[in-house]
Amino acid sequence: MKITLKTAELANRKGFNINDITQSELQKWLRDIYGIRLFVIPNKTTYTYFIVYNDRNISLDDSELFPGIGEGQPKTFERFETALEEGLIKSLNLLKDAE
C-alpha cells in the first residue's frame, strides 16, 4: 500500500527520497538505515503496532513505544495498513530532520 501524503512529507523531511513509495519500502528504510523495527500485531479483530530500536540517540518511554500503554490497552486499529501507517509516522518522528 502506498503511504499517505502526510507520511510522505514527513519521510522527505527525514531524508527519505520519496517517489511514490509503499509502506513496506519506508519500513525497510527505517530498519536498514536507522535500526528501527516496526511490528504490526494482529489481535482477534484489530491490529496494534510496537517499535523496537537499537540507537542510543533515540530516547522513548514505554508509552511511546507501545501506544496506549498506561491507559489500559494499546491503541488498536481496524486495518493492518492503518496500524502500519501510524507506526511509520511514530517511527519517523523519532528521527531528526535531514539537513
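Every chain's residues receive numbers from 1 upward, in the order its sequence appears when written. With pLDDT at 70 or above as the cut-off, local features in this predicted model cover only qualifying residues; side-chain atom pairs require 80 or more to be listed or tallied, and sums for whole chains, interfaces and linings still use all residues. In computing side-chain values, all of the structure's heavy atoms are included and hydrogens and water are not.

Novice: Just give me the short version of the pattern of salt bridges, but keep the residues and values in it.
Specialist: A carboxyl oxygen of Asp or Glu within 4 Å of a side-chain nitrogen of Lys or Arg is what we treat as a salt bridge. Applying the stated criterion across every chain yields a total of 4 salt bridges. For Lys14, the salt bridge identified is with Asp97, shortest N-O distance 2.8 Å. Of this pair, Lys14 sits in the loop between helix H1 (5-13) and helix H2 (23-34) while Asp97 sits in the segment after helix H4 (80-92), and the two are 83 residues apart along the sequence. Classification of Asp97 as partly exposed rests on a relative accessible area of 42%. The salt bridge involving Glu81 is made with Arg79; its shortest N-O contact spans 3.3 Å. Summary of the burial criterion: residues with accessible area below 20% of their type's maximum are buried, those above 50% are exposed, and those between are partly exposed, where the area comes from a 1.4 Å probe applied to protein chains only. Glu81 gets classed as partly exposed once you look at its relative accessible area, which sits at 25%. For Arg79, a relative accessible area of 43% puts it in the partly exposed group. If you follow the salt bridges from partner to partner, you end up with Lys28, Arg31 and Asp32 in one network. In this text, helices come from DSSP runs of H or I with a minimum length of four residues, and strands from runs of E with a minimum of two, each type numbered from the N-terminal end.

Novice: Which residues make up the nonpolar core, and what values do they have?
Specialist: For our purposes a nonpolar core is just a set of buried Ala, Val, Leu, Ile, Met, Phe, Trp, Tyr and Cys residues, chained together by side-chain atoms within 4.5 Å. In terms of nonpolar packing, the biggest core is built from 22 residues, with Leu26, Trp29, Leu30, Leu88 and Leu92 touching the most fellow members. The greatest single-element share of this core, amounting to 5 residues, is contributed by H4.

Novice: Got a sec to walk through the packing of H1 against H4? Specific residues and values, please.
Specialist: Two quantities define a packed helix pair, namely the angle between the axes and the distance from one axis to the other. Where H1 contacts H4, the axes come no closer than 10 Å and their chain directions differ by 25°. Judged on the interaxial angle alone, H4 and H1 are roughly parallel. Where H1 crosses over H4, the two elements pack in a sense that is left-handed. Contact residues: Lys6, Thr7, Leu10 and Ala11 in H1; Glu85, Leu88, Ile89 and Leu92 in H4. Residue polarity is assigned by list, with Asp, Glu, Lys and Arg as charged and Ala, Val, Leu, Ile, Met, Phe, Trp, Tyr, Cys and Pro as nonpolar; anything else, Gly included, falls into the polar class. For the contact of H1 with H4, a count of residues per class yields 5 nonpolar, 1 polar and 2 charged. For every element, the axis is a line fit to its C-alpha atoms; helices are fit only across the contacting stretch, and the angle between N-to-C directions ranges from 0 to 180 degrees. Comment on the angle field: the value is read as roughly parallel under 35 degrees, roughly antiparallel over 145, roughly perpendicular from 65 to 115, and oblique elsewhere. Crossing handedness is read from the near helix: turned anticlockwise from the far helix by less than a right angle, it gives a left-handed crossing, and turned clockwise, a right-handed one. Whether two residues are in contact is decided by their heavy atoms, any of which lying within 4.5 Å being enough.

Novice: Can you lay out the packing of aromatic side chains for me, pointing to particular residues and giving the numbers?
Specialist: Pairing of aromatic side chains requires ring centres within 6.5 Å, counting the rings of Phe and Tyr and the six-membered ring of Trp. Pairs whose planes differ by under 30 degrees are stacked, by over 60 edge-to-face, and all others tilted. This structure, assessed with the given rule, holds 5 aromatic pairs. Ring geometry for Phe16 and Trp29: centres 4.9 Å apart, planes at 70°, overall edge-to-face. Separated by 13 residues along the polypeptide, Phe16 in the loop between H1 and H2 and Trp29 in helix H2 bring together distant segments of the chain. For the pair Phe16 and Trp29, one class covers both residues: buried. For the ring pair Phe39 and Phe50, a centre distance of 5.1 Å and an interplane angle of 25° mean the geometry is stacked. Here Phe39 is found in strand E1 (residues 36-42), whereas its partner Phe50 is found in strand E2 (residues 47-53), with 11 residues between them in sequence. Taking relative accessible area as the criterion, Phe39 reaches 35% and is therefore assigned partly exposed. With a relative accessible area of 24%, Phe50 lands in the partly exposed category.

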